[in-house]
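Structure at a glance
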Amino acid sequence: MLDPVAWLDVPQEVSTGTLPGWERVDEIVREAHARYAGERGGRVADYIPVLAEVDPELFGLAVIEVGGGVHDAGDALHPFSIQSISKMFVYALAIQEHGHERVRDIVGVNNTGLAFNSVVALELNEGHPRNPMVNAGAIATTALMPGATAVEQWERVREGLSAFAGRPLSLDGEVYASEAASNDRNRALGWLLKSYGRLAGDPDQIVDVYTRQCALSVTAHDLAVMGATLADGGVNPITGERVVTADVCRDTLAVVAASGLYENSGDWLFEIGLPAKSGVAGGIVAVSPGKGAAAGFSPRLDDAGNSVRSQMAIGHLSRSLGLNLFASAPAQADDSRSGPRPAGKERS
Ligand code: GLN
């Protein structure tokens, strides 16, 4: 469960308007990094053997503005595997390819309320994955990648996520090998989908593409660029490349808001108010439409598999940068407006 006490003393800026200037954003990013640098809560993931060996002290924070402003703090350039954060970008590619309706038909958009690797969630829904941010839905989404073979589908995923990041991303071979040797549960999900007639193709091959996509190596800086592309109507603010349409960004962020932090997504929205996606290697990216994205990397996780320190640092940024989508203040009375002023909006 999130402990908002970690950032509740930060004054809440409203989400309307724009980011403060580059200098101020930079100062706030540095402040958030320094503030949680001593936080030790949570545990490093160990169900993928190689992840258990990571240095738990690593801590990076990055913000990318839609105008191209870059803010990196701490270990923002340290590589780690993207893991589940890949799901939101593959989902965006799937909608770009097949359209809103077709993808929605295949994979739902509601929270399961259950763990990310739940088999029960799939069984309870007759094999129809409830959302693309948990493993069953993500595997069904990866299956939608164009390509005549699994190799071509994997290449499409790698290219697509690289366009979001604005640089060629590559596979962390060690993480891939470790997960491929221990992903029986995901293979079970693949075969269960197949048994319900919800997966075209060979489940083992599709799960292999999914396992590769999770093992793509990124940094907090990369994640912030990827998120900022979704905040910028689908145009990468660093390279200027259009990666997906603005409609795809909107659809993707809606689903991410509902389920990006798994069964804790409601807590996260209530406390922090941004669409965000986490991965078990310790990354989290939060997207503020029209403004930019913030990404954290810190390997210690809470019980739902979300990085503890990244949540805190992004909570701090959400308040002090005015990112929380639900935070507003009464508008100033508009002098040009005719007619009586509503109560509470008298001119001061
Ligand atoms: N590759 C991981 C898995 O499928 C991703 C899970 C995650 O990041 N939550 O189990």
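In this text, all values refer to a predicted model and were calculated from it rather than measured experimentally.

**Here's the deal with the overall build of the chain**
Along the backbone of the chain there are 13 helices and nine strands. C-alpha extents for the chain along the principal axes are approximately 70 × 45 × 40 Å. Here the chain holds 348 residues, and 54% of them are scored as buried. Here the analysis covers contacts within the chain between residues at least 6 apart in sequence; of these, 70% occur between residues at least 24 apart. Accessible surface for the chain amounts to roughly 14,200 Å². Of this, 51% is attributable to carbon and sulfur atoms. Here the chain contributes 28 positive and 43 negative side-chain charges, whose respective centroids are spaced 5 Å apart.

**Side note on the packing of helix 2 (residues 86-98) against helix 6 (residues 150-165)**
As a packed pair, helix 2 and helix 6 sit with axes 10 Å apart at the nearest point and diverge in direction by 105°. Put simply, helix 2 runs roughly perpendicular to helix 6. Each of Ser86, Phe89, Val90, Ala92 and Leu93 in helix 2 lies in contact with helix 6, whose residues at this interface are Arg156, Val157, Gly160, Leu161 and Phe164. The class makeup of the residues in the contact of helix 2 with helix 6 is seven nonpolar, two polar and one charged.

**A short note on the nonpolar core**
In terms of nonpolar packing, the biggest core is built from 63 residues, with Met88, Leu161, Phe164, Leu223, Met226 and Leu230 touching the most fellow members. Beyond its immediate stretch of four places on either side in the chain, Met88 contacts Met133, Leu230, Thr252, Leu253, Val256, Lys277, Val285 and Val287. Core analysis: the second largest hydrophobic core is formed by 29 residues, Leu19, Ile28, Trp268 and Ile314 among them.

**Considerations on the sheet that holds strand 6 (residues 276-278)**
Spatially, 3-2-8-7-6 is the arrangement adopted by the five strands of the open sheet, whose pairing is antiparallel. Pairing within the sheet leaves two strands with one partner each, and these edge strands are strand 3 (70-74) and strand 6. Averaged over all adjacent pairs, the angle separating strand axes in this sheet is 10°, with direction ignored. In this sheet, strand 8 (residues 292-297) lies alongside strand 7 (residues 283-288) in antiparallel orientation, the contact comprising six bridges. By the bridge assignment for strand 8, Val287 is matched with Ala293. Packed on one face of the sheet, helix 13 (residues 308-320) meets strand 2 (60-65), strand 7 and strand 8 and runs near 150° to strand 8.

**Let's talk about the environment of Val50**
Inspection of the secondary structure puts Val50 in the loop between strand 1 (43-44) and strand 2. Sequence-wise, Val50 and Gln12 are 38 residues apart; in three dimensions their C-alpha atoms are separated by 39 Å. The contact partners of Val50, leaving out residues within four places of it in the chain, are Glu174, Val175 and Ser178.

**Describing a nonpolar patch on the surface**
Taken together, the side chains of Leu114, Val120 and Leu124 make up a nonpolar region of the molecular surface, amounting to roughly 280 Å² of accessible area. Tracing the sequence through the fold places Leu114 in the loop between helix 3 (100-106) and helix 4 (120-124).

**Some details on unusual backbone geometry**
Phi at Gln83 is positive, roughly 50°, even though this residue is not glycine. With respect to the helices and strands, the residue Gln83 is situated in the loop between strand 4 (80-81) and helix 2. Overall, the relative accessible area of 3% leaves Gln83 in the buried class. Not every positive phi belongs to a glycine, and Tyr262 is a case in point at roughly 55°.

**Some remarks on the pattern of salt bridges**
Evaluation of the coordinates by the stated rule reveals 12 salt bridges. Close ionic contact of Arg30 with Asp26 constitutes a salt bridge, the shortest N to O distance being 3.1 Å. Taken as a pair, Arg30 and Asp26 lie in helix 1 (residues 22-36) at a separation of four residues, close to a single helical turn. The class for Arg30 is partly exposed, based on a relative accessible area of 40%. The shortest N-O distance in the salt bridge between Arg167 and Asp222 comes to 2.7 Å. Of this pair, Arg167 sits in the loop between helix 6 and helix 7 (173-180) while Asp222 sits in helix 10 (residues 220-231), and the two are 55 residues apart along the sequence. Judged by relative accessible area, which is 3%, Asp222 ranks as buried.

Calculation criteria
Residues numbered from 1 in each chain as written. Predicted model: local features only at pLDDT ≥ 70, side-chain atom pairs only at ≥ 80, totals over all residues. Heavy atoms only, no water. Helix = DSSP H or I, 4+ residues; strand = E, 2+ residues; numbered from the N terminus. Buried < 20%, exposed > 50% of the residue type's maximum accessible area, 1.4 Å probe, protein only. Contact = heavy atoms within 4.5 Å. Areas by Shrake-Rupley, 256 points an atom, 1.4 Å probe, with all protein chains shown as cover. Lys, Arg positive; Asp, Glu negative; His and termini not counted. Charge placed at Lys NZ, Arg CZ, Asp CG, Glu CD. Axes fitted to C-alpha atoms, helices over the stretch in contact; angles between N-to-C directions. Parallel < 35°, antiparallel > 145°, perpendicular 65-115°, else oblique. Nonpolar A, V, L, I, M, F, W, Y, C, P; charged D, E, K, R; others polar. Core = buried A, V, L, I, M, F, W, Y, C linked by side-chain atoms within 4.5 Å. Pairing = 2+ DSSP bridges. Patch = residues over 30% accessible without salt bridge, like charges linked within 9 Å, V, L, I, M, F, W, Y side chains within 5 Å. Salt bridge = Lys/Arg side-chain N within 4 Å of Asp/Glu carboxyl O.

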